[in-house]
Amino acid sequence: MNKMDIMSLAETFVNSSKDNIMMQERANVHQLSEPKIFEEPLCGISAATDSLYYELKNETGIGEHFLLPQQWLPQAKSVISFFLPFTEQVRISNRKDKIQPSQEWLYGRVEGQEFIKKFIIHIQQKIQQTGYKAIVPAMDEKFWSKSKYDSATAHPDNSFTSNWSERHVAFVSGLGTFGLSKGIITEKGMAGRLASLVTDMELAPDIRLYKEIYEYCTECGACVKRCPVSAISLAQGKNHDICSSFLNSTKEKYAPRYGCGKCQTAVPCENKIPYV
Ligand code: SF4
Ligand code: SF4
């Protein structure tokens, strides 16, 4: 199995899974000609021993709590990262209202994440069927994340963090760089979701076409203007606490769904690298 095989598996699953179709009666979405959630994914591969993973253990990266690929799978050789872009319908729908998320966006955020889980498990199983090991860190029992300030839990000094970061893994694996709003800007933009796995299969790593962590962000400030609660500023980037509070308020209104994504839509990095 090589990268082409993995991409072929990924594309086939995205194109054929019924879970990638918005169910009209559940989505409350009408008149969609092609009601898919995600387009075909991008795939990036990094070596499990890439020096950037070790750098993520520093306080200037994620911190000591970040677990290296080998701490998830001792024989790890490669890390595979996917970016699944939202379809045009999902993206465009969320451009209109300046505050409220569209029904399509909410569906993509919540049911879309359920699809992402099935997608990455499918790739994991296909790799395992060829005799290799594969672990999905974000679904492993060792995984934890903190989405609020909470001094009573383990790692009280670290809030809005986790011991495996899809965005940092995507950066290391050549998929793109961070933007001011803290999403990853890929060649298909920022509006989408990420997933990854660690395997003992030896795959050729992709070459990173960038050097700086914010290289693809033009600091245009469009995401600053789009944020309904002023959670992003050019001077300080994103305030996760303000963003998280707003997301929680959407949960009260749209439960079981929630979401916002205004900083990922109607911005120059929505579906491409802004200056390309
Ligand atoms: S909207 Fe502009 S400033 Fe914000 S992340 Fe995208 S490119 Fe960067
Ligand atoms: S998701 Fe919404 S609230 Fe959070 S930073 Fe983006 S625009 Fe602001």
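Parameters and conventions
Residues numbered from 1 in each chain as written. Chains lettered and ligands numbered in written order. Predicted model: local features only at pLDDT ≥ 70, side-chain atom pairs only at ≥ 80, totals over all residues. Heavy atoms only, no water. Helix = DSSP H or I, 4+ residues; strand = E, 2+ residues; numbered from the N terminus. Rg over C-alpha atoms; globule rule 2.2 N^0.38 Å. Buried < 20%, exposed > 50% of the residue type's maximum accessible area, 1.4 Å probe, protein only. Contact = heavy atoms within 4.5 Å. Areas by Shrake-Rupley, 256 points an atom, 1.4 Å probe, with all protein chains shown as cover. Lys, Arg positive; Asp, Glu negative; His and termini not counted. Charge placed at Lys NZ, Arg CZ, Asp CG, Glu CD. Pairing = 2+ DSSP bridges. Near = heavy atom within 4 Å. Nonpolar A, V, L, I, M, F, W, Y, C, P; charged D, E, K, R; others polar. Expected span 1.5 Å × (residues − 1). Arc of directions from axis to C-beta. Polar contact = N/O pair within 3.5 Å; in protein donor to acceptor, adjacent residues only side chain to side chain. Core = buried A, V, L, I, M, F, W, Y, C linked by side-chain atoms within 4.5 Å. Axes fitted to C-alpha atoms, helices over the stretch in contact; angles between N-to-C directions.

- The name recorded for the protein chain in an unreviewed UniProt entry is Epoxyqueuosine reductase QueG, from Pectinatus brassicae.

What about the overall build of the protein chain?
Part 1 of the argument: Scanning the protein chain from N- to C-terminus turns up nine helices and 10 strands.
Part 2 of the argument: Here the C-alpha radius of gyration of the protein chain, 18 Å, is about what a compact globule of 276 residues would show, namely 19 Å.
Part 3 of the argument: Viewed in the frame of its principal axes, the protein chain has a C-alpha envelope of about 50 × 45 × 40 Å.
Part 4 of the argument: Residues classed as buried in the protein chain amount to 51% of the 276 residues present.
Part 5 of the argument: Once local pairs closer than 6 in sequence are excluded, the contacts in the protein chain between residues at least 24 apart make up 73%.
Part 6 of the argument: When the accessible surface of the protein chain is totalled, it reaches about 13400 Å², and 51% of it is carbon and sulfur.
Part 7 of the argument: Across the protein chain, the mean location of the 32 positive side-chain charges is 4 Å away from that of the 31 negative side-chain charges.

Some words on the pairing of strand E2 (residues 78-85)
Part 1 of the argument: Burial of E2 is extensive: eight of the eight residues sit out of reach of the surface.
Part 2 of the argument: Here E2 shows no split at all, with Ser78, Ile80, Phe82 and Leu84 on one side and Val79, Ser81, Phe83 and Pro85 on the other all buried.
Part 3 of the argument: Across six bridges, the pairing between strand E1 (residues 42-47) and E2 is antiparallel. Bridge pairing in E2 places Ile45 opposite Ile80.
Part 4 of the argument: Relative to strand E8 (residues 192-199), E2 is paired through eight bridges, and the arrangement is antiparallel. Of the residues in E8, the one forming a bridge with Ser78 is Thr199.

Overview of the site of ligand 1
Part 1 of the argument: Neighbouring ligand 1 are 13 residues; Leu180, Cys217, Cys220, Cys223 and Cys269 lie closest to it.
Part 2 of the argument: Split into classes, the residues belonging to the shell around ligand 1 amount to eight nonpolar, four polar and one charged.

Focus: helix H9 (residues 240-254)
Part 1 of the argument: Helix length check: H9 (15 residues) gives 21 Å between terminal C-alpha atoms against 21 Å at 1.5 Å per residue, within 8%.
Part 2 of the argument: Where H9 is concerned, the buried positions are Ser244, Phe246, Thr250 and Tyr254. Within H9, the buried residues cover an arc of 160 degrees as seen down the axis, which keeps them to one side.
Part 3 of the argument: Residues of H9 that are buried make contact with helix H6 (103-129).
Part 4 of the argument: Put simply, Asn239 is the residue that caps the front of H9, since its side-chain oxygen is 2.9 Å from the backbone nitrogen of Asp241.

Examining the nonpolar core
Part 1 of the argument: Ranked by internal contacts, the top residues of the largest apolar core, which has 40 residues, are Tyr53, Phe66, Trp164, Phe171 and Ile185.
Part 2 of the argument: Mapped onto this core, the elements with two or more residues apiece are helix H3 (51-55), E2, helix H7 (166-172), strand E7 (184-186), E8 and helix H8 (222-226).
Part 3 of the argument: When residues in this core are grouped by element, the largest group, four residues, is from H7.
Part 4 of the argument: Filtering out sequence-adjacent residues up to four positions away, Tyr53 remains in contact with Ser46, Ala47, Ala48, Phe66, Leu68, Pro69, Val79, Val169, Val172 and Ser173.
Part 5 of the argument: Of all hydrophobic cores here, the second largest spans 30 residues; its members include Phe13, Ile37, Phe38 and Phe86.

Brief notes about the site of ligand 2
Part 1 of the argument: Residues in close proximity to ligand 2 include Cys227, Pro228, Val229, Ile232, Lys238, Cys243, Phe246, Cys260, Gly261, Lys262 and Cys263, which together make up its full environment.
Part 2 of the argument: Split by residue class, the shell around ligand 2 holds eight nonpolar, one polar and two charged.

Examining the environment of Trp72
Part 1 of the argument: Position of Trp72 among the secondary structure elements: in helix H4 (residues 69-72).
Part 2 of the argument: Taking relative accessible area as the criterion, Trp72 reaches 4% and is therefore assigned buried.
Part 3 of the argument: Distance from Trp72 to Ser196, taken between C-alpha atoms, is 12 Å for residues 124 residues apart in sequence.
Part 4 of the argument: With near-sequence residues (within four places) excluded, Trp72 lies in contact with Leu67, Ile135, Pro137, Asp140, Lys142, Phe143, Asn163 and Trp164.

Focus on the sheet that holds E2
Part 1 of the argument: Pairing within the open sheet is antiparallel, and its four strands lie in the order E1-E2-E8-E3. Edge positions in the sheet fall to E1 and strand E3 (134-135), since each of these pairs with one other strand and no more.
Part 2 of the argument: Lying over the sheet, H6 contacts E2, E3 and E8, oriented at roughly 25 degrees with respect to E8.

Structural notes on the side chain of Ser102
Part 1 of the argument: On the secondary structure map, Ser102 appears in the loop between helix H5 (88-93) and H6.
Part 2 of the argument: Among the residues examined, Ser102 registers a relative accessible area of 10% and is labelled buried.
Part 3 of the argument: Discounting chain neighbours no more than four positions away, the residues touching Ser102 are Val90, Ser93 and Asn94.

Overview of the environment of Ser16
Part 1 of the argument: Examined against the element boundaries, Ser16 turns out to sit in helix H1 (residues 3-16).
Part 2 of the argument: Polar side-chain contacts of Ser16 include one of 2.6 Å to the backbone oxygen of Thr12.

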